[in-house]
Amino acid sequence: MSRIIVTTSGKGGVGKTTVTANLGMALARLGQQVALLDADFGLRNLDLLLGLENRIVYTAIEVFAGECRLEQALVKDKRIPGLALLPAAQNRTKEAVSPEQMTELVDSLIKTFDYVLIDSPAGIEMGFKNAIAPAKEALIVTTPEISAVRDADRVVGLLEAQGIKRINLIVNRLRPAMVQVNDMMSVQDVQEILAIPLIGVVPEDERVIVSTNRGEPLVLAETPSMAGMAFDNIARRLQGETVEFIDLSVPPENIFSRIRKLLWTKII
């Protein structure tokens, strides 16, 4: 049975689109058929993170208007079989789409795909209502900041009122060093406030900026990163696997510390 999952938060800038792109790619690498639906009409970005912006011919708006078939608007990712993007239109506002249209569109997608991941826009206005209308599950993405967590708490209530009960938490851009000196909320702090199951913790990683600029999700990087591993693990947990959380309190050993250890061993 297909799964329809909306990625949302309430607050902008917490990494929803990054999460959607990397999870979609990670699930496709696990052999799933995945459709990514950009619900941010007017301000689409999902295509940029996937590096598919130059291959867009039609958008969801043309599908709604009957100007093209759904298959024509889907942009297939040549790197990973099974992953496709349905882009939003940049020249229309969120009010140009209705929740009923979104539901009808997703109903068509689940005939082909195992997962439909919906990238919700920031805020709780019309774009948010459109994004959650067809969803059966939700991923709440928040950074460990009080304003982001408060907005996420508000969104949890709205999702539950919509009848979406399967809601999981992703804490994004965590800085363990700041948590240790009490300059940042811990994962436990966030969990206590939101009271929803934790499915992933993604550490702050400057390579996210590089991957965004290149249109290459972190999960495709040849050199693995902590953030990329975290996204892979979230995908596996979505699949039902039991995966241990990465211990982010221990910083990864760099090349210089390894060299120092080798030199010290030789001296001894």
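Note that the structure is predicted; figures quoted are calculated from it, not measured.

Participant: How would you sum up the UniProt feature "binding site: ATP" (unreviewed entry) in the protein? Please name residues and give values.
Facilitator: Mapped onto this structure's residue numbering, the UniProt feature "binding site: ATP" (unreviewed entry) falls at Lys-11, Gly-12, Gly-13, Val-14, Gly-15, Lys-16, Thr-17 and Thr-18. Considered against the largest cavity, the annotated residues that line it turn out to be Thr-18. Inspection of the secondary structure puts Thr-17 in helix 1 (residues 16-29). Excluding residues within four positions of it along the chain, Thr-17 makes contact with Asn-45, Leu-46, Leu-49 and Asp-119. Tracing the backbone shows Thr-18 in helix 1. You can call Thr-18 buried: its relative accessible area is 16%. Non-local contacts of Thr-18, meaning those with residues more than four positions away in its chain, are made with Leu-49, Val-208 and Phe-231.

Participant: Which residues make up the environment of Leu-70, and what are the values?
Facilitator: Along the chain, Leu-70 falls in helix 4 (residues 70-73). Under the relative-accessibility criterion, Leu-70 is labelled buried at 13%. With near-sequence residues (within four places) excluded, Leu-70 lies in contact with Val-63, Leu-86, Leu-105, Ser-108 and Leu-109.

Participant: Tell me about the nonpolar core, and name the residues and values.
Facilitator: Formed by 50 residues in total, the largest nonpolar core has its most connected members in Leu-86, Ile-118, Ile-140, Leu-159, Ile-167 and Leu-174. If you tally residues by element for this core, the top one is helix 7 (residues 146-161), at five residues. Excluding anything up to four places from it in sequence, Leu-159 contacts Thr-8, Phe-128, Ile-132, Ala-138, Ile-140, Ile-164 and Ile-167.

Participant: So what's going on with the sheet that holds strand 7 (residues 166-174)? Residues and values would help.
Facilitator: The strand order across the open sheet formed by eight strands is 3-4-2-5-1-6-7-8, and the pairing between neighbours is mixed. Looking at the sheet topology across the chains shown, the edges are occupied by strand 3 (75-76) and strand 8 (198-203). Pairing geometry for strand 1 (residues 3-8) and strand 5 (residues 115-119), over five bridges, is parallel. Looking at strand 5, one finds that Arg-3 is bridged to Tyr-115. Where helix 5 (residues 99-109) meets the sheet, it contacts strand 1, strand 2 (34-38), strand 4 (83-86) and strand 5, and its direction lies at approximately 165° from that of strand 2. Here helix 9 (residues 187-194) sits on the sheet and contacts strand 6 (137-142), strand 7 and strand 8; the angle it forms with strand 7, its principal contact strand, is near 150°.

Participant: How would you explain the packing of aromatic side chains if you had to name every residue and give the values?
Facilitator: Scanning the entire structure with this criterion turns up zero aromatic pairs. If you follow Arg-237 out to its NZ or CZ, it ends over the ring of Phe-245, 3.9 Å from the centre.

Participant: Give a detailed account of the packing of helix 1 against helix 11 (residues 226-238), specifying residues and quantitative values.
Facilitator: In a packed pair of helices, the relevant descriptors are the angle between the two axes and the axis-to-axis distance. In contact at an axis separation of 9 Å, helix 1 and helix 11 are set at 65° when each is read in the N-to-C sense. The two elements helix 1 and helix 11 meet at a crossing, and its hand is right-handed. Facing Thr-18, Val-19, Asn-22, Leu-23, Ala-26, Leu-27 and Arg-29 of helix 1, the residues of helix 11 in contact are Phe-231, Asp-232, Ile-234, Ala-235 and Leu-238.

Calculation criteria
- Residues numbered from 1 in each chain as written.
- Predicted model: local features only at pLDDT ≥ 70, side-chain atom pairs only at ≥ 80, totals over all residues.
- Heavy atoms only, no water.
- UniProt positions renumbered as here; feature names shortened; annotations may be inferred.
- 1 Å grid on protein atoms, 1.4 Å probe; cavity = no way out; pocket = protein on both sides within 12 Å on 5 of 7 lines; lining within 4 Å.
- Helix = DSSP H or I, 4+ residues; strand = E, 2+ residues; numbered from the N terminus.
- Contact = heavy atoms within 4.5 Å.
- Buried < 20%, exposed > 50% of the residue type's maximum accessible area, 1.4 Å probe, protein only.
- Core = buried A, V, L, I, M, F, W, Y, C linked by side-chain atoms within 4.5 Å.
- Pairing = 2+ DSSP bridges.
- Axes fitted to C-alpha atoms, helices over the stretch in contact; angles between N-to-C directions.
- Phe/Tyr/Trp six-rings, centres within 6.5 Å; stacked < 30°, edge-to-face > 60°.
- Lys NZ or Arg CZ within 6 Å of the ring centre and 35° of its normal.
- Left-handed = near helix turned anticlockwise from the far one by under 90°.

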